[in-house]
Amino acid sequence: AVSDPSSLRSGVGLALCRRLLGEDGRIHLCIACRNAQKNEDTRDLILAEHPAAQVSTVEVDLGNLASVLRAAQELRCRFQRLDFVYLNAGIMPNPHVNFKALWNGFLTGTLIHRLTTAEGVMTQTDRLNGDGLQEVFTTNLFGHFILVRQLESLLCSNEKPSRLIWTSSSNARESAFSLSDFQHAKGQESYSSSKYATDLTSVVLNRRLNKQGLYSSVVCPGLVMSNMTYRILPFFMWKLLMPIMWLIRFFAKTYTLTPHNGAEAHVWLFKQKPESLDPLVKYHSCISGLGKNYVEPRKMDVDEEIAEKFYQKLLELEKQTLEKYSDLLD
């Protein structure tokens, strides 16, 4: 299993690594982080709890396509096959809360919906990365897509199915996505757009690769208090809001709050037969008001024709990328 603990001490990725080893201590877990020190620190944290575990590392920055290609090459050299790839890295730069939208939600009775989906509430300011692509689009989706494409030789086998498990979001909304601006250069909801693009990509991957033994699923971890979340508001405000958030959990089952709870759907999928899963469903980590974890499948609001057109655009962008970095290919 390859996983990206995108936040060292407070993210779903690290909680997922711990929980996977709790499910099956025999797996070889390869963790992926942006720098070598973070990789080693994460590995040490995991081995402190599971000293007999097989844990290796690979350095990869999903927002840097050259880094993605180098990591894929390294993984192809080190492994003959991969059973699970958890695509969990994500960024939300310069987040802003629209308090007017929250007040409007209170007045119109849609506050809980807005609090659980962030619809109309969250905006971001994106920028171009070193490859000349939008940073959020590249890190949250396209870097993962290139990685998957480069690892197909380790994933596609009829002998035993392989699994892709993408971390999406309840904030993935069609209204934030546009085929004509699929990198979301012109809008202020780049995170939502990238997560909707993730859902579209997973749908097409299943259509194209299920027969070759590769299955793709998307999950939503719910609202988790992580490094990403803490950047939305000042830390002292989160301290003030936390009792209210625990109260909201009685009405909003996706307020998972802790990384352990947020990883519930990821771990649940680890135990399922991929052939039994619906490729048009997103699996949500949920928790009851009394603290019981469970998984809720919800049909995704995706247009399969748009999904196919978007996938073609990804292939075109992939071609340009491989031409640019031809020296990093085998």
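Up top is the structure these notes are about.
One numbering rule holds for all chains: residues counted from 1, following each sequence as written. Local features in a predicted model are, by the rule used here, given only for residues with pLDDT of at least 70; side-chain atom pairs are given and counted only at 80 or more, and totals for whole chains, interfaces and linings are based on all residues. Hydrogens and waters are ignored; side-chain quantities use all the structure's heavy atoms.

Quick word on the packing of aromatic side chains
Think of a pair of aromatic rings as described by two things: how far the centres are apart, and how the planes are tilted against each other in angle.
Next up, step 1: Stacked, tilted and edge-to-face pairs are distinguished by plane angle, under 30 degrees for stacked and over 60 for edge-to-face with tilted covering the rest, among Phe, Tyr and Trp rings (Trp via its six-membered ring) whose centres lie within 6.5 Å. Scanning the model with the defined rule gives 10 aromatic pairs in all.
Next up, step 2: Residues F84 and F270 carry aromatic rings whose centres are separated by 4.9 Å and whose planes lie at 45° to one another, so their mutual orientation is tilted. Residue F84 is found in strand 4 (residues 84–87), and its partner F270 is found in helix 12 (residues 264–270); the two are separated by 186 residues along the sequence.
Next up, step 3: Using a 1.4 Å probe on the protein chains alone, a residue whose accessible area is under 20% of its type maximum counts as buried, one over 50% counts as exposed, and one in between counts as partly exposed. When its relative accessible area of 12% is taken as the criterion, F84 is described as buried.
Next up, step 4: Centre to centre, the rings of F177 and Y196 are 5.6 Å apart; their planes meet at 45°, and the pair counts as tilted. By the criteria applied, helices consist of DSSP H or I runs no shorter than four residues and strands consist of E runs no shorter than two, each listed in order from the N terminus.

Focus: empty space enclosed by the protein
Next up, step 1: In this analysis a 1.4 Å probe is tested at points of a 1 Å grid over the protein atoms alone, and where it fits but cannot get out there is a cavity; an open set with protein on both sides within 12 Å along at least five of seven lines is a pocket; lining residues have an atom within 4 Å of a point. Grid points are joined across faces, edges and corners, and a volume is the space filled by probe spheres set on the points. If you walk through the whole model with that rule in mind, you get two cavities of 30 Å³ or more.
Next up, step 2: Considering only enclosed or pocket space, the second largest cavity measures out at about 30 Å³ in volume.
Next up, step 3: The wall of the second largest cavity is formed by V136, F137, F182, Q183, H184, S190, S193, S194 and A197.
Next up, step 4: Only helix 6 (135–150) and helix 8 (190–209) provide two or more residues apiece to the lining of the second largest cavity.
Next up, step 5: Here the element with the most residues in the lining of the second largest cavity is helix 8; it accounts for four residues.
Next up, step 6: Taken together, the residues of the lining of the second largest cavity sort by class into four nonpolar, five polar and no charged. Residues are sorted three ways: Asp, Glu, Lys and Arg are charged, Ala, Val, Leu, Ile, Met, Phe, Trp, Tyr, Cys and Pro are nonpolar, and all the rest, Gly among them, are polar.

A look at the pairing of strand 10 (residues 293–299)
Regular strands place side chains that alternate from one sheet face to the opposite one.
Next up, step 1: Of the strand pairs in this sheet, strand 9 (residues 281–287) and strand 10 are connected by seven bridges, and their pairing is antiparallel. If you follow Y283 over to strand 10, its bridge partner there is P297. Only when DSSP finds a minimum of two bridges between them are two strands counted as paired.

Some words on helix 3 (residues 65–78)
Given 3.6 residues to a turn, an α-helix orients residues that are three or four positions apart in the same direction.
Next up, step 1: The end-to-end C-alpha distance of helix 3 is 20 Å, a good match for the 20 Å that 14 residues give at a rise of 1.5 Å each.
Next up, step 2: Every buried residue of helix 3 is listed here: L65, A66, S67, V68, L69, A71, A72 and L75.
Next up, step 3: Polar contact criterion, stated in full: a pair of N or O atoms within 3.5 Å, where within protein one must be able to donate a hydrogen and the other to accept it, and residues adjacent in sequence count only if both atoms are side-chain atoms. For helix 3, the N-terminal cap is N64; the gap from its side-chain oxygen to the backbone nitrogen of A66 is 3.1 Å. Every helix has an expected span of 1.5 Å times one less than the residues it contains.

Side note on the environment of V60
Next up, step 1: Its place among the elements puts V60 in the loop between strand 3 (54–59) and helix 3.
Next up, step 2: The sequence separation of V60 and A36 amounts to 24 residues, and the corresponding C-alpha distance is 9.2 Å.
Next up, step 3: Look past the residues within four positions of V60 in its chain and what remains in contact with it is A32, C33, R34, S67, V68 and A71. Two residues qualify as a contact provided that any one of their heavy atoms is within 4.5 Å of a heavy atom in the partner residue.

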